[in-house]
Amino acid sequence: MEKTEARAVRRLVVTAAGAGLAMALASVAAAGPWQSGQRTAERRAADRRDGIRRPGPPPGLALPSAAAPPVLTGLDAGTASSASDAATSAASGPDVPAPTTQGLADAIGPLFDDPALGRTRTGAVLDAGTGQLLYGHDQDTASAPASTTKIATATAALEALGPGHRIATRVLPGAGPGTIVLVGGGDPTLTASPTPPGADPDATPASLVTLAADTAKALRARRTTEVTLTYDTSLYTGPVLHPIGVNDNIAPVTALMADEGRTDPASTEDAPRQADPAACAAQTFATLLGRDGITVRGQVKPGTAPAGTHAPLAQVLSMPLSALVERMLTDSDNDIAEALARQAALGTETPVSFTGGAQAVREQLTRLHAPLTGTAFNDGSGLDRADRLTPDLLAHLLLDAASPAHPELRSVLSGLPVAGFTGTLADRFQSGEDDTAAAGGPPSSAAGLVRAKTGTLTGVNTLAGTVVDGDGRLLVFAFMTSGTTDPDAAQGALDRLASAVTGCGCR
């Protein structure tokens, strides 16, 4: 009886902490929407957050307003003894018992029989403290991961460049007098909105408005008030269209774009995209220069920055990579994902393209000694149906992110949506919806306790993340399904699996 009461107390503390954190996150999120590009099946959380209208554009310009600060602040690479590590240690210490393999098998094994899970159903649960495989269901079988691919992309980018890396968008002097070049660096969150006064640069997208003002100031210092403007996107190579073709879920992938190339920049879900985001961003920049007293002569055309090292007239920097990772994971942002795969390519010295980005992801994960047998990478977002990952790989990447040995990966965890509260899990794990009793498992309300990346394509549903079980033990998991016919039913079945792990002491 005493053991049962002690478990109940621990459970109450963990639940209160998780729910309290989630409510705090929800209140921050209410400050305004992020500019994200998730698929229809993963977009409803952003719809709810769009209730507060953001500041409008300068007069005469159809510009979007600034994005809200991120829900979670990325942890610095030097914080190996951070609260996150302390929580990992406390949840996995010797005084907190781990579930047994048999106990977990009894709790979640029957849930894999749910017909909603489709033809291919695989899963893995690991102990975050020891790395031990506690439960496996064909965990080495590779299948389409959908957006859980973004866990691999985030890990690779952070390993290649570090969490503090920032992406520069620059304006350089051109080859001739009175010429300037806008050079794209691949910042996926560059915006045409003005930066709010006093905004935190670690939580605010870089702005073309700021870049234009700084450029105009530098030009006036040179007694120049008329220029010819070209724009350089040569950092990226290969096709700009994702293999799925023209699609509202992702813009053409180019080194220069503003507001993810949306034709309606204020939209926060899948939306029509500009056919040439770089040209549109450059034209917006020219208009902004005009408002700052600099006349742009002639047409704005693509070009190339002069060879050699040149001091920029002006530049703006993206948020740190850790913040970009969090945004990508929380709202399943495909545009950020493809940009981060290319940033990983830059850090790995592979071609900066779809193919090179996929190669860079594999190379970085190989350096982490991740289990890659049977896997295939074709993009950074998971939109490519030819991608193949295993639950074993996804769980081990989360294990690395939770390890004090890899503080550079901490934003992989802090960016995971919180069940029932944030991102693509905001509408899932609601009270009663994740009750596993109907499927033969214990009832559990996992809202606030599960943190996981979702994945959704037609016929594919995946979920990978972390839970704290009924005894306070931190576990990582990955569940993957293919051949599903009812996405809502499949998501419910995955949620019941995660809820069963969360509600389990399982010995």
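The rules behind these values
- Residues numbered from 1 in each chain as written.
- Predicted model: local features only at pLDDT ≥ 70, side-chain atom pairs only at ≥ 80, totals over all residues.
- Heavy atoms only, no water.
- Core = buried A, V, L, I, M, F, W, Y, C linked by side-chain atoms within 4.5 Å.
- Buried < 20%, exposed > 50% of the residue type's maximum accessible area, 1.4 Å probe, protein only.
- Helix = DSSP H or I, 4+ residues; strand = E, 2+ residues; numbered from the N terminus.
- Contact = heavy atoms within 4.5 Å.
- Axes fitted to C-alpha atoms, helices over the stretch in contact; angles between N-to-C directions.
- Parallel < 35°, antiparallel > 145°, perpendicular 65-115°, else oblique.
- Left-handed = near helix turned anticlockwise from the far one by under 90°.
- Nonpolar A, V, L, I, M, F, W, Y, C, P; charged D, E, K, R; others polar.

(A) Here's a closer look at the nonpolar core. Counting 49 residues, the largest nonpolar core has Ile-151, Leu-340, Leu-365, Phe-377, Leu-393, Leu-398 and Val-412 as its most contacted members. Of the residues forming this core, the biggest block, eight residues, is contributed by helix α11 (residues 391–402). Among all residues touching Ile-151, those that are not within four sequence positions of it are Leu-329, Leu-394, Leu-397, Leu-398, Val-412, Lys-453 and Ala-464.

(B) A look at the side chain of Thr-153. Along the chain, the position of Thr-153 falls in helix α5 (residues 149–161). Judged by relative accessible area, Thr-153 falls into the buried class, the value being 1%. Contacts of Thr-153, omitting those with residues within four sequence positions, involve Ala-337, Leu-340, Ala-341, Val-361 and Gly-380.

(C) Up close: the packing of helix α9 (residues 334–348) against helix α10 (residues 354–367). Relative to each other, α9 and α10 sit at 65 degrees, their axes nearing to 8 Å. What the angle tells us is that α9 and α10 run roughly perpendicular. Read as a crossing pair, α9 and α10 show a hand that is left-handed. Residue-level contacts link Glu-338, Ala-341, Arg-342, Ala-344, Ala-345 and Thr-348 of α9 to Phe-354, Gly-356, Gly-357, Ala-360, Glu-363, Gln-364 and Arg-367 of α10. Considering only residue class, the contact of α9 with α10 consists of five nonpolar, four polar and four charged.

(D) The arrangement of helix α8 (residues 321–331) in detail. Where burial is concerned, most of α8 is hidden: 11 out of the 11 residues are buried. Within the sequence span of α8, burial applies to Leu-321, Ser-322, Ala-323, Leu-324, Val-325, Glu-326, Arg-327, Met-328, Leu-329, Thr-330 and Asp-331. Once α8 ends, the next one or two residues include Ser-332, with phi positive near 50 degrees.

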